[in-house]
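So the chains spell out like this:
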Amino acid sequence: MLIAVDFDGTIVEHKYPSIGKEIPFATATLKQLIQDGHRLVLWTNRQGELLQEALDWCRDKGVEFYAANSCYPEEQADSGEPRKIKADIYIDDRNVGGLPDWGVIYELIKHGLTLQEYLMQQMGQPSKPKKKHWWQ
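The following refers to the structure shown. (Residues numbered from 1 in each chain as written. Predicted model: local features only at pLDDT ≥ 70, side-chain atom pairs only at ≥ 80, totals over all residues. Heavy atoms only, no water.)

## Quick notes on the overall build of the chain
The test is simple: Helix and strand definitions follow DSSP, with helices as H or I runs of at least four residues and strands as E runs of at least two, each counted in order from the N terminus. Note on definitions: a residue-residue contact is assigned when non-hydrogen atoms from the two residues lie within 4.5 Å. All accessible-area figures derive from a Shrake-Rupley calculation using a 1.4 Å probe, and residue coverage is judged against the displayed protein chains alone.
When you go through the chain residue by residue, the secondary structure sums to four helices and four strands. Each helix (α) and strand (β) of the chain, taken in turn from the N terminus, gives the series β-α-β-α-β-β-α-α. Across the chain, contacts joining residues at least 24 apart in sequence account for 65% of those joining residues at least 6 apart. As displayed, the chain has an accessible area near 9,100 Å², and 51% of this comes from carbon and sulfur atoms.

## Side note on the sheet that holds strand β2 (residues 39-42)
Rules: Paired strands, as defined in this entry, are two strands with at least two bridges between them according to DSSP. The axes are straight lines fitted to the C-alpha atoms, using for helices just the contacting stretch, and the angles between their N-to-C directions are given from 0 to 180°.
In spatial order, the strands read β3-β2-β1-β4; together these four strands make up an open sheet with parallel pairing. In the strand order of this sheet, the two ends are held by β3 (67-68) and β4 (89-91), each with one partner. Direction of pairing for β2 relative to β3: parallel, over a ladder of two bridges. Looking at the pairing, L42 lines up with A68 of β3. The strands touched by helix α3 (residues 102-111) within the sheet are β1 (2-5) and β4, with β4 carrying the most contacts at an inclination of about 180°.

## Quick look at the side chain of H38
Assignment of secondary structure puts H38 in the loop between α1 (26-35) and β2. With residues near it in sequence (within four places) discarded, H38 still touches M1, I3, L33 and I109.

## Let's talk about the environment of R94
Selection criterion: Here's how the labels work: a residue is buried when its accessible area is under 20% of the maximum for its type, exposed when over 50%, partly exposed in between, all with a 1.4 Å probe on protein chains only.
For R94, the position within the fold is in the loop between β4 and α3. According to the relative accessible area criterion, R94 is exposed, its value standing at 64%. Once the C-alpha coordinates of R94 and G9 are considered, the two residues, 85 residues apart in sequence, prove to be 8.4 Å apart.

## Section: the nonpolar core
Most often, soluble globular proteins keep nonpolar side chains buried together rather than apart. Heads up, the rule is: Grouping buried Ala, Val, Leu, Ile, Met, Phe, Trp, Tyr and Cys residues that are joined through side-chain atoms within 4.5 Å yields what is termed a nonpolar core.
V5, F7, I11, L30, L42, F65 and W102 are the most contacted members of the largest nonpolar core, which totals 23 residues. Breaking this core down by element, the ones donating at least two residues are β1, α1, β2, α2 (48-60) and α3. Among the elements that make up this core, the one with the highest residue count is α2 (five residues). Counting residues in each nonpolar core, the second largest holds seven residues, with L2, V41, A67 and I85 among its members.

## Remarks on the pattern of salt bridges
For clarity, the threshold we go by: By salt bridge we mean one thing: a side-chain nitrogen of Lys or Arg within 4 Å of a carboxyl oxygen of Asp or Glu.
Here the structure, examined in full by the defined rule, presents four salt bridges. One salt bridge in this structure joins R59 and D56, with 3.0 Å as the shortest N-O distance. Note that R59 and D56 are positioned in helix α2 at a spacing of three residues, about one turn of the helix. Where R59 meets E64, a salt bridge forms, and the shortest distance between an N and an O atom there is 3.1 Å. On the basis of relative accessible area, R59 is assigned to the partly exposed category, the value being 38%. Residue classification places E64 among the partly exposed positions, given a relative accessible area of 45%. Through salt bridges with shared partners, a single network forms among D56, R59 and E64.

## What to know about the environment of A4
Within the secondary structure, A4 sits in strand β1. Here A4 is in contact with V41, W43, I85, A87, I89, Y90 and I91, once residues within four sequence places are set aside.

Honestly, that's just the spatial picture; any functional story needs more than this.
So this is what it looks like as C-alpha cells:
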C-alpha cells in the first residue's frame, strides 16, 4: 500500500520552519509500516533545504521514505504545479477529527479498519450492525 505521511504536526510537533519534537511513537510506527511492506511517501509543504532537513531527520531516526512529495522516486514535479499525489492512505494532522494516536493509526492500517470500526470494537460492539429484515 502507498501511504502519504505529512511531516509538521504529524511526525513532529508544529515548529515550522524548525523541526519540532517527535510525536510519540511516530517513527517507530513508520518503521513498522515499512517492515510490513508498505511504501511511505513524505508528503509535506516543505521544499528545498527544508524538505532535505526533514528527510535527513527521518533517516537519522531510521525512517527511509520511498519518495518525497511525489508518487514515486523518479517523478519530476514542475515548480508551478501543486503536488497532488495518489496514495491509498493519507496520514495528516489536518484530517477531520485530527490525528489519532500512532498506535491507533497502525491498528487501522494493519487490520484494514475505519476509525469508526476501530472505536466500535474498543467499546465491545460489533463494527457493523446486523441488518434487520424488512418486516421487523
